[in-house]
Amino acid sequence: MGVLSMNRPTASTKKHDALVIVIGGGPAGSTAARLLATHGLDVVLVEKNLSFKKPCGGGVVMSAFEEFDIPKGVIKREVRAIEIVSPGGTVLEIPLNGGGLAMVDRREFDAALRREAEAKGAQILEGECLRVEQGRTVSVFVKSGETVRELTAECAIAADGVNSRMRAAVGVKPNKSFFTMSAFVPDHHTERCEFWFGAAHAPRSYSWVFPAQGGSVIGTATTERGDILSLFERFRERRGIRKESAKELYRIPLWSGDLYRRGNILFAGDAAGHVMPLTHEGIYYAMRAGVLAAEAVISGDLGTYEKRWKSAFEKRFILMAHLERYFLKDDASADRLVELHRKPDIQAASLRLWLRKERGAKPLRDYMRLFKEFIR
Ligand SMILES: Cc1cc2nc3c(=O)[nH]c(=O)nc-3n(C[C@H](O)[C@H](O)[C@H](O)COP(=O)(O)OP(=O)(O)OC[C@H]3O[C@@H](n4cnc5c(N)ncnc54)[C@H](O)[C@@H]3O)c2cc1C
């Protein structure tokens, strides 16, 4: 018998503060809390800063708004084409046929997702989880203002992002990651999401310019923290941007697929490294991991979470990790990646997987066929 079927609390049996504690109110945590609450489960979501604006490009595939039933009022702008620029300077515009990319402000987007969870019955608590104790139940110690409270539940979902304290609490090393530097550029306007490749400013990664309200967001990424400021400056010069506002340093986890569950804690989103290799898309996969973790809780068998995640995504993540290693190893390979995307069949296959998130084996098989000579 599963954990919840044994212990679903009723008015007379309830001995915990909640059935499930969700730690972190970003896309992964809020989506999990919403689904749990929708199923009538008693859930508390703990978020350390309800005003936090996560450093992020804010690009979310339009299809996600239907899939997760997110209010479209948070969309600031819909982007209908992307531009990819090779290290050698080839610029390729790709229309986003059959979809689009929504640009959101992360403070508003995250708040909207939490409101949806609250509307379904999740309790939202502003506080920082300091540590956990695991036994038959989970105790989470939460600091709100000057007080520290102990909350107990039957299980927890750790969705506390790339700097996950819960990961450390269960003795798992931090994820390897990309270091990013990004900044808002006021009064600089672009209609498209631009992806710029080149080892001079984004070794093994890419730099970006995304539209934002009143300007754009630019940024770059690398695995070497020490180089990030000079890489950012080089990209700014290459893109011809003169002045940006305060720069922010943050990390994007590298997917390793090594953490799903420790005892009665499930890990979702950046805390588990659920960011798609090559594209660095994390918001959609954080929300999907939140759904899969919640479904495992609802099923009464936490052990199914890893199977659910792997059956939905593992093959795609492995494929994209291969392509990332192959195409981003040097400038000549990144030039090739951009050249390949001139081909209509490659564009179409990429859009089916990336933009429209088509499920099932066929879109993945078609993509693998097109890229098979690059997969080692
Ligand atoms: C510069 C940059 C640009 C990016 N651009 C994009 C993009 O355009 N599109 C895209 O899809 N992805 C992008 N990503 C990735 C994306 O931002 C993440 O993958 C996504 O936010 C992960 O969601 P999450 O819910 O797992 O974690 P987060 O969004 O990081 O949420 C974690 C939450 O947990 C809270 N928290 C942390 N510790 C505690 C604690 N101890 N107690 C309580 N609460 C806690 C935090 O305050 C936060 O609200 C970008 C990342 C970076 C760094």
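The residue numbering used here restarts from 1 in each chain and proceeds along that chain's sequence as written. Owing to the predicted nature of the model, reporting of local features is limited to residues with pLDDT of at least 70; listing and counting of side-chain atom pairs is limited to 80 or more, with chain, interface and lining totals taken over all residues.

Examining the overall build of the protein
Here is step 1: Helix and strand definitions follow DSSP, with helices as H or I runs of at least four residues and strands as E runs of at least two, each counted in order from the N terminus. Within the protein one finds 11 helices and 19 strands.
Here is step 2: Relative to the globule expectation of 21 Å for 376 residues, the C-alpha radius of gyration of the protein, 21 Å, shows essentially globular dimensions.
Here is step 3: Expressed as lengths along the three principal axes of its C-alpha atoms, the size of the protein is roughly 70 × 45 × 40 Å.
Here is step 4: Counting other C-beta atoms within 10 Å of each residue's C-beta, where C-beta atoms are placed from the backbone, gives the exposure class: buried for 20 or more, exposed for 12 or fewer, partly exposed between. Residues classed as buried in the protein amount to 43% of the 376 residues present. Atoms counted for the radius of gyration: C-alpha only. Globule rule: 2.2 Å times the number of residues to the power 0.38.

Things to note about the sheet that holds strand E4 (residues 75-79)
Here is step 1: Ordered in space as E3-E7-E4, the 3 strands form an open sheet in which the pairing is antiparallel. The sheet terminates laterally at strand E3 (59-61) and E4, the two strands that pair on one side only. Taken over all neighbouring pairs, the strand axes of this sheet differ in orientation by 35° on average, direction set aside.
Here is step 2: For E4 and strand E7 (residues 101-104), the ladder comprises 4 bridges, and the chain directions are antiparallel. Looking at the pairing, Glu78 lines up with Ala102 of E7. In this scheme, strands are said to pair when DSSP sees at least two bridges between them. Geometry is summarised by axes, namely lines fitted to C-alpha atoms with helices restricted to the contacting stretch, and by angles between N-to-C directions that run from 0 to 180 degrees.

A few points about the site of the ligand
Here is step 1: Nearness rests on one distance test: the residue's C-beta atom, set from the backbone, must lie within 6 Å of the molecule or strand. The immediate surroundings of the ligand are formed by 39 residues, with Gly24, Gly26, Gly57, Gly269 and Gly282 found nearest.
Here is step 2: Counting residues per element, the ones that place at least two in the shell around the ligand are helix H2 (27-38), strand E2 (43-47), strand E9 (128-134), strand E13 (177-186), strand E17 (248-253) and helix H7 (283-299).
Here is step 3: All amino acids are sorted into three groups, where Ala, Val, Leu, Ile, Met, Phe, Trp, Tyr, Cys and Pro are nonpolar, Asp, Glu, Lys and Arg are charged, and the leftover types, Gly among them, are polar. Residue composition of the shell around the ligand, by class: 16 nonpolar, 15 polar and 8 charged.

Concerning the packing of H2 against H7
Here is step 1: With their axes 7 Å apart at the nearest point, H2 and H7 run at an angle of 35° to one another. Where H2 crosses over H7, the handedness of that crossing is right-handed. Facing H2, whose interface residues are Pro27, Ala28, Gly29, Thr31, Ala32, Leu35 and Leu36, H7 presents Ile283, Ala286, Met287, Ala289, Gly290, Val291, Ala293, Ala294, Val297 and Ile298. Whether a crossing is left-handed or right-handed is set by the direction in which the near helix is turned from the far one by less than a right angle, anticlockwise for left-handed and clockwise for right-handed. By the convention adopted here, residues are in contact when the distance between their C-beta atoms, placed from the backbone, does not exceed 7 Å.

Here's the deal with the environment of Pro253
Here is step 1: As for its position among the elements, Pro253 is in strand E17.
Here is step 2: Residue class for Pro253 comes out buried when judged on the 23 C-beta atoms lying within 10 Å of it.
Here is step 3: Between the C-alpha atoms of Pro253 and His274, which are 21 residues apart in sequence, the distance is 7.6 Å.
Here is step 4: Those residues in contact with Pro253 that lie beyond four places of it in its chain are Val162, Asn175, Ser177, Asp270, Gly273 and Val275.

Some details on the pairing of E9
Here is step 1: Taken together, the 6 bridges between E9 and strand E10 (residues 138-144) define a ladder with antiparallel strand orientation. When the sheet's bridge partners are listed, Cys129 is paired in E10 with Val142.

Focus on the pairing of strand E12 (residues 155-158)
Here is step 1: Where burial is concerned, the two faces of E12 agree: the one with Cys155 and Ile157 and the one with Ala156 and Ala158 are both buried.
Here is step 2: Relative to E12, strand E1 (residues 20-23) runs parallel, the two sharing 4 bridges. For Ile23, the partnering residue across the bridge sits in E12 and is Ala158.

Description of unusual backbone geometry
Here is step 1: Although it is not a glycine, Arg204 adopts a positive phi angle of roughly 60°.
Here is step 2: Inspection of the secondary structure puts Arg204 in the loop between strand E14 (193-196) and strand E15 (207-212).
Here is step 3: Residue classification places Arg204 among the partly exposed positions, given that 17 C-beta atoms sit within 10 Å.
Here is step 4: One non-glycine residue, Leu278, adopts positive backbone phi at about 75°.
Here is step 5: Tracing the sequence through the fold places Leu278 in the loop between strand E19 (265-267) and H7.

Side note on the sheet that holds E9
Here is step 1: With antiparallel pairing, the 3 strands of this open sheet are ordered in space as E9-E10-E11. Looking at which strands have only one partner, the edges of the open sheet turn out to be E9 and strand E11 (147-153). With strand direction ignored, the average angle separating the axes of adjacent strands in the sheet is 25°.

What about the environment of Arg365?
Here is step 1: Relative to the elements of secondary structure, Arg365 occurs in helix H11 (residues 361-371).
Here is step 2: Here the alpha-carbon distance between Arg365 and Ala349, two residues 16 residues apart in the chain, equals 9.8 Å.

Observations concerning helix H6 (residues 228-239)
Here is step 1: Between its terminal C-alpha atoms H6 stretches 16 Å, which fits the 16 Å expected from 12 residues at 1.5 Å a residue.
Here is step 2: Listing the buried residues of H6 in full gives Ile228, Leu231, Phe232, Phe235, Arg236 and Arg239. The buried residues of H6 occupy an angular sector of 140° when projected down its axis, which confines them to one face.
Here is step 3: Residues of H6 that are buried in the fold lie against E13, E14, E15, strand E16 (215-222) and E17.
Here is step 4: Remark: Gly240 follows H6 within two positions and exhibits a positive phi of approximately 75°. To estimate how far a helix should reach, multiply one less than its number of residues by 1.5 Å. Each direction from the helix axis to a C-beta atom contributes to the arc, which is the arc of those directions.

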